[in-house]
Amino acid sequence: MKPGIHPEYRPVVFRDRAADFAFLTRSTATSDKTVEWEDGTTYPVVDVEVSSASHPFYTGTQRVLDTAGRVERFERRYGRGRSDR
């Protein structure tokens, strides 16, 4: 790697304010805000809108679509397998 052209790779806290969830990882993301972590060290913090703690796929609060009702409505509207064509 060429020296001096890559961003600094360091510990950063990512915080999901909607779910009141934060995790410490390594990243090149930058931020002017800082937070004191559980170990007493101060790290830069990046606020995110969605994380695994608030995303419907990971939390199990995913919306289930009524596909059977949609199929029945389609068949009522357009007929079931018209053979007159």
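This brings us to the overall build of the chain. Helices and strands together make up the secondary structure of the chain, namely 2 helices and 4 strands. Mapped in sequence order, the helices and strands of the chain form the string β-β-β-β-α-α. A buried classification covers 14% of the 85 residues belonging to the chain. A separation of at least 24 residues holds for 31% of the contacts in the chain among residues at least 6 apart in sequence. Entry remark: accessible area of the chain is about 7400 Å², with carbon and sulfur atoms responsible for 50%.

Our next topic: a positive patch on the surface. Side chains of R70, R73, R76 and R77 sit close together on the surface and give a patch of like positive charge. Examined against the element boundaries, R77 turns out to sit in helix α2 (residues 67–78).

One pass over the structure, following the stated rule, counts 3 aromatic pairs. Relative to Y78, the ring of F74 has its centre 5.0 Å away and its plane inclined at 50 degrees; by these criteria the two rings are tilted. Placement of the pair is F74 and Y78 together in helix α2, with a separation of 4 residues, close to one helical turn.

We now examine the pairing of strand β2 (residues 21–27). By the bridge criterion, 7 bridges tie strand β1 (residues 10–16) to β2 in an arrangement that is antiparallel. Bridge pairing in β2 links V12 to T25.

Once that is clear, we can look at the confidence of the model for the chain. Mean pLDDT for the chain: 81, with 78% of residues reaching 70 or above. The weakest mean pLDDT in the chain belongs to helix α1 (residues 56–59) at 60; the strongest belongs to strand β3 (residues 34–36) at 95.

The rules behind each value
- Residues numbered from 1 in each chain as written.
- Predicted model: local features only at pLDDT ≥ 70, side-chain atom pairs only at ≥ 80, totals over all residues.
- Heavy atoms only, no water.
- Helix = DSSP H or I, 4+ residues; strand = E, 2+ residues; numbered from the N terminus.
- Buried < 20%, exposed > 50% of the residue type's maximum accessible area, 1.4 Å probe, protein only.
- Contact = heavy atoms within 4.5 Å.
- Areas by Shrake-Rupley, 256 points an atom, 1.4 Å probe, with all protein chains shown as cover.
- Patch = residues over 30% accessible without salt bridge, like charges linked within 9 Å, V, L, I, M, F, W, Y side chains within 5 Å.
- Salt bridge = Lys/Arg side-chain N within 4 Å of Asp/Glu carboxyl O.
- Lys, Arg positive; Asp, Glu negative; His and termini not counted.
- Charge placed at Lys NZ, Arg CZ, Asp CG, Glu CD.
- Phe/Tyr/Trp six-rings, centres within 6.5 Å; stacked < 30°, edge-to-face > 60°.
- Pairing = 2+ DSSP bridges.
- pLDDT = per-residue confidence, 0-100.

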